[in-house]
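Next come the chains, spelled out residue by residue.
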Amino acid sequence: MTQRLTITRPDDWHLHLRDGAVLRAVTPETARHFGRAIVMPNLVPPVVSAVEAAAYRERIMDAVPSDSDFTPLMTLYLTETTDPADVAYAAATGLVSAVKLYPAGATTNSQSGVRNIDAVMPVLETMAEIGLPLCVHGEVTTPDVDIFDREAVFIETVLDPLRQRLPTLRVVMEHITTEEGVKYARSGGENLAATITTHHLIINRNNLLVGGIRPHYYCLPVAKREKHRLALRDAATSGDSRFFLGTDSAPHLDPLKLSACGCAGVFSASNTVSCLAAVFEQESALDKLEGFASLNGPAFYRLPTNADSLTLEKRATPCEYPAHIDTEDGPITLFDPGFDLHWHVV
Ligand code: NCD
Ligand code: ZN
């Protein structure tokens, strides 16, 4: 008997759409399955003001297929010169749903990010007052901290002190990758949540490095040991509403990935829903998929859930997703989970 699963239409609470030819090629991939997505502002140059976010929103809308109801939720890139009044204005008009904190140098296009948290306290205080969430890339960038320890050290030395200083600030720990991240998210109250990517539920650092380096599995935060992947799986499938989906689908053109200094980012928009169904089935938790992908995110962002639904069907024949999608600037390789996908979105 065919198994079918109908869930409220999911949202993606952490997504990179880029600009230009890549934007035009990847937006339909997300719009096909998702109702909304929190769109990351790390363009070159970054989206730092309300005016720029409004213009970027227009460019995204132009790339959304005409038969889709997909809604981009905009974010502002926090810099040390961000104006609290501009953030308050952008939030009040409903234009932006969150502000993104990148520690300077932590990841792709983060060089305009924050070096000194004291410099952004006035913005964070305003955000705490108006209830605007701060999405945090939680890794320190200090060269003497090992890349595999950067998330745990960030929680201890930056995030926890910040939350003690400003307990009413609503924080989303973006793309957590460690058991320390899971534990800290669980220890927080109603002002703390965490997103988890699809690929961090599937790959560990062996998949990245054993038997040859796999550039398409390289992302930031970098995949960790198996025990961390298991902790993420446990969090995502537990039904705990503090955890929700942020795919961190992060397209880079293949030549930029397959390079002596390859870019960080896994592009997973097209097959993420099928991958997630596989993961939740492997964990005997298909009944928790809707909470993780469709309900917990809107609850934290204080938005209604999507009114329509998405149906998946498990078939004996595997799904046929392309190995890469084509853009006018070249191909982008799609995430390969390493196993056949049988949950088709119908
Ligand atoms: C993201 C990107 O390419 O913009 N890369 C990644 O590896 N996740 C940036 C980010 O979210 O860290
Ligand atoms: Zn990201």
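Up top is the structure these notes are about.
Residues numbered from 1 in each chain as written. Chains lettered and ligands numbered in written order. Predicted model: local features only at pLDDT ≥ 70, side-chain atom pairs only at ≥ 80, totals over all residues. Heavy atoms only, no water.

## Overview of the overall build of the protein chain
Reasoning step 1: Looking only at helices and strands, the protein chain features eleven helices and 13 strands.
Reasoning step 2: By the compact-globule yardstick of 20 Å for 346 residues, the protein chain fits well, its C-alpha radius of gyration being 19 Å.
Reasoning step 3: If you line up the protein chain on its principal axes, its C-alpha atoms span 55 × 45 × 40 Å.
Reasoning step 4: Across the 346 residues of the protein chain, 58% fall into the buried class.
Reasoning step 5: Here the analysis covers contacts within the protein chain between residues at least 6 apart in sequence; of these, 75% occur between residues at least 24 apart.
Reasoning step 6: Accessible surface for the protein chain amounts to roughly 14000 Å². Of this, 51% is attributable to carbon and sulfur atoms.
Reasoning step 7: For the protein chain, the distance from the average site of its 29 positive side-chain charges to the average site of its 43 negative ones is 4 Å. (Helix = DSSP H or I, 4+ residues; strand = E, 2+ residues; numbered from the N terminus. Rg over C-alpha atoms; globule rule 2.2 N^0.38 Å. Buried < 20%, exposed > 50% of the residue type's maximum accessible area, 1.4 Å probe, protein only. Contact = heavy atoms within 4.5 Å. Areas by Shrake-Rupley, 256 points an atom, 1.4 Å probe, with all protein chains shown as cover. Lys, Arg positive; Asp, Glu negative; His and termini not counted. Charge placed at Lys NZ, Arg CZ, Asp CG, Glu CD.)

## Points about the coordination of the zinc ion (ligand 2)
Reasoning step 1: Protein coordination at the zinc ion (ligand 2): the donors are His14 (NE2), His16 (NE2) and Asp248 (OD), at 2.0 Å from the metal.
Reasoning step 2: Geometry at the zinc ion (ligand 2) is tetrahedral, judged from its four donor atoms and the angles of 92 to 133 degrees they form at the metal.
Reasoning step 3: Positions of the donor residues of the zinc ion (ligand 2) along the chain correspond to the pattern H-x1-H-x231-D. Taken together, the residues histidine 16 in the loop between β2 (12–15) and α1 (20–31) and aspartate 248 in the loop between β9 (243–245) and α9 (254–257) connect sequence positions 232 residues apart. (Donors = N, O, S within 2.8 Å, 3.2 Å for Na, K, Ca; no water. Tetrahedral: all angles 85-135°; square planar, octahedral: opposite > 155°, others 65-115°.)

## Remarks on the site of ligand 1
Reasoning step 1: Lining the immediate surroundings of ligand 1 are 15 residues, of which Arg18, Asn42, Thr107, Leu220 and Asp248 lie closest.
Reasoning step 2: At 3.2 Å from an oxygen atom of ligand 1 is found a side-chain nitrogen or oxygen belonging to histidine 16.
Reasoning step 3: Here an oxygen atom of ligand 1 sits 2.7 Å away from a polar atom, N or O, in the main chain of leucine 220.
Reasoning step 4: For ligand 1, whose accessible area on its own is 320 Å², the fraction buried by protein is 100%.
Reasoning step 5: Tallied by class, residues from the shell around ligand 1 come to four nonpolar, nine polar and two charged. (Near = heavy atom within 4 Å. Polar contact = N/O pair within 3.5 Å; in protein donor to acceptor, adjacent residues only side chain to side chain. Nonpolar A, V, L, I, M, F, W, Y, C, P; charged D, E, K, R; others polar.)

## A few points about the nonpolar core
Reasoning step 1: If you look at the biggest cluster of nonpolar residues, it comprises 96 residues, and the most contacted ones within it are Leu124 and Leu134.
Reasoning step 2: Here the element with the most residues in this core is helix α10 (residues 272–282); it accounts for seven residues.
Reasoning step 3: Residue contacts for leucine 134: discarding those within four places in its chain leaves Leu78, Val99, Leu101, Leu124, Met127, Leu162, Leu169, Arg170, Val171 and Val172.
Reasoning step 4: Core analysis: the second largest hydrophobic core is formed by 13 residues, Ile38, Tyr77, Cys135 and Ala193 among them. (Core = buried A, V, L, I, M, F, W, Y, C linked by side-chain atoms within 4.5 Å.)

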